[in-house]
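Here is what each chain is made of, one letter per residue.
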Amino acid sequence: MELLNAARAVRDNAHAPYSGFKVGAALRAGSGRVYTGCNVENASYPEGTCAETGALAALVAAGETEITEVAIIADSPEPITPCGGCRQRLAEFGSGQVPITMATLSGDVKADTLGALLPGAFSSQNLSKG
Ligand code: THU
């Protein structure tokens, strides 16, 4: 709940004038600290970034190397899942067991794991040659 409240609070700061779709994300790191991010859109549309990506950047910039829990919130009819790119970014720092809580502003909540959302993830282990 602490994580979801953090995601809800940071969502207010989202810069989403083009889609009108504000998203907030909060990550718990290995230290137990919480890092947050919101989506930041751009007039050059493809340059916008997701809430999860912003939260991840804050976590890494603080010197953290691990994600243990994720929460995402949007004002949507159903809880939203992280986009494909963000699933891959989260998988760089979190195991398949990492719980992901997805919620709507109206209080609908779903729970899943990173592994269930990104089965067969490409990882550093796949980079070894021949
Ligand atoms: N968005 C996120 O920030 N996170 C997600 O998990 C899905 C989509 C943002 C990107 C864009 O600014 C807006 O939501 C509409 O796609």
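Residues numbered from 1 in each chain as written. Predicted model: local features only at pLDDT ≥ 70, side-chain atom pairs only at ≥ 80, totals over all residues. Heavy atoms only, no water.

Participant: Would you explain the overall build of the protein in this entry?
Facilitator: Across its full length, the protein holds 4 helices and 5 strands. In sequence order, the secondary structure elements of the protein are arranged as α-β-β-α-β-α-β-β-α. Rg of the C-alpha trace for the protein: 14 Å, near the compact-globule value of 14 Å for 130 residues, within the 12% margin. Expressed along its principal axes, the backbone C-alpha trace of the protein runs to roughly 45 × 35 × 30 Å. When each of the 130 residues of the protein is scored for burial, the buried share is 37%. Taking all contacts inside the protein whose residues are at least 6 apart in sequence as the whole, residues at least 24 apart take part in 59%. Counting every atom, the protein has about 7,000 Å² of accessible surface; 52% of that belongs to carbon and sulfur. Looking at charge distribution, the protein has the averaged site of its 9 positive side-chain charges lying 2 Å from that of its 13 negative ones. (Helix = DSSP H or I, 4+ residues; strand = E, 2+ residues; numbered from the N terminus. Rg over C-alpha atoms; globule rule 2.2 N^0.38 Å. Buried < 20%, exposed > 50% of the residue type's maximum accessible area, 1.4 Å probe, protein only. Contact = heavy atoms within 4.5 Å. Areas by Shrake-Rupley, 256 points an atom, 1.4 Å probe, with all protein chains shown as cover. Lys, Arg positive; Asp, Glu negative; His and termini not counted. Charge placed at Lys NZ, Arg CZ, Asp CG, Glu CD.)

Participant: It is not clear to me how the pairing of strand E1 (residues 23-29) should be interpreted in this structure. Could you clarify?
Facilitator: Regular strands place their side chains on alternate faces of the sheet. When you tally the buried positions in E1, you get 7 out of 7 residues, the bulk of the element. Here E1 shows no split at all, with Val-23, Ala-25, Leu-27 and Ala-29 on one side and Gly-24, Ala-26 and Arg-28 on the other all buried. For E1 and strand E3 (residues 67-74), the ladder comprises 7 bridges, and the chain directions are antiparallel. Note on E3: the bridge partner recorded for Arg-28 is Glu-69. Both E1 and strand E2 (residues 34-38) contribute to a ladder of 5 bridges, which runs antiparallel. Along E2, the bridge assignment pairs Leu-27 with Tyr-35. Connecting the antiparallel pair E1 and E2 is a turn made up of 4 residues, with Gly-32 showing a positive phi of about 100°. (Pairing = 2+ DSSP bridges.)

Participant: Just checking my understanding: could you explain the site of the ligand for this structure?
Facilitator: Every residue lining the ligand is accounted for by Ser-19, Phe-21, Val-23, Asn-39, Glu-41, Cys-50, Ala-51, Glu-52, Ile-80, Thr-81, Pro-82 and Cys-83. A distance of 2.9 Å separates an oxygen atom of the ligand from a polar side-chain atom of Asn-39. Contacts to the ligand include Glu-52, whose side-chain N or O atom sits 2.6 Å from an oxygen atom. Protein chains bury 75% of the 380 Å² of accessible surface belonging to the ligand in isolation. In terms of residue class, the shell around the ligand is built from 7 nonpolar, 3 polar and 2 charged. (Near = heavy atom within 4 Å. Polar contact = N/O pair within 3.5 Å; in protein donor to acceptor, adjacent residues only side chain to side chain. Nonpolar A, V, L, I, M, F, W, Y, C, P; charged D, E, K, R; others polar.)

Participant: I tried to follow the sheet that holds strand E4 (residues 99-104) on my own but got confused; where do I start?
Facilitator: Two modes of strand pairing occur in sheets, parallel and antiparallel, and in both the strands are linked by backbone hydrogen bonds. An order of E2-E1-E3-E4-E5 is seen for the 5 strands of this open sheet, with the pairing classed as mixed. The open sheet has two edge strands with one neighbour each: E2 and strand E5 (109-113). If you compare each strand with its neighbour and ignore which way they point, the axes differ by 15° on average. Against the sheet, helix H1 (residues 2-11) contacts E1, E2, E3, E4 and E5, and its axis sits at roughly 140° relative to E1. Each of E1, E2 and E3 touches helix H2 (residues 51-61); the most contacted strand, E2, lies at about 140° to it. (Axes fitted to C-alpha atoms, helices over the stretch in contact; angles between N-to-C directions.)

Participant: I keep staring at the environment of Thr-81 and nothing clicks. Help me out?
Facilitator: Considering the arrangement of structural elements, one finds Thr-81 in the loop between E3 and helix H3 (84-91). Classification of Thr-81 as partly exposed rests on a relative accessible area of 39%. With 21 residues separating them along the chain, Thr-81 and Met-102 place their C-alpha atoms 6.6 Å apart. Apart from residues lying up to four places away in sequence, Thr-81 is in contact with Arg-87, Met-102 and Leu-117. A polar side-chain atom of Thr-81 sits 2.8 Å from a polar atom in the side chain of Arg-87.

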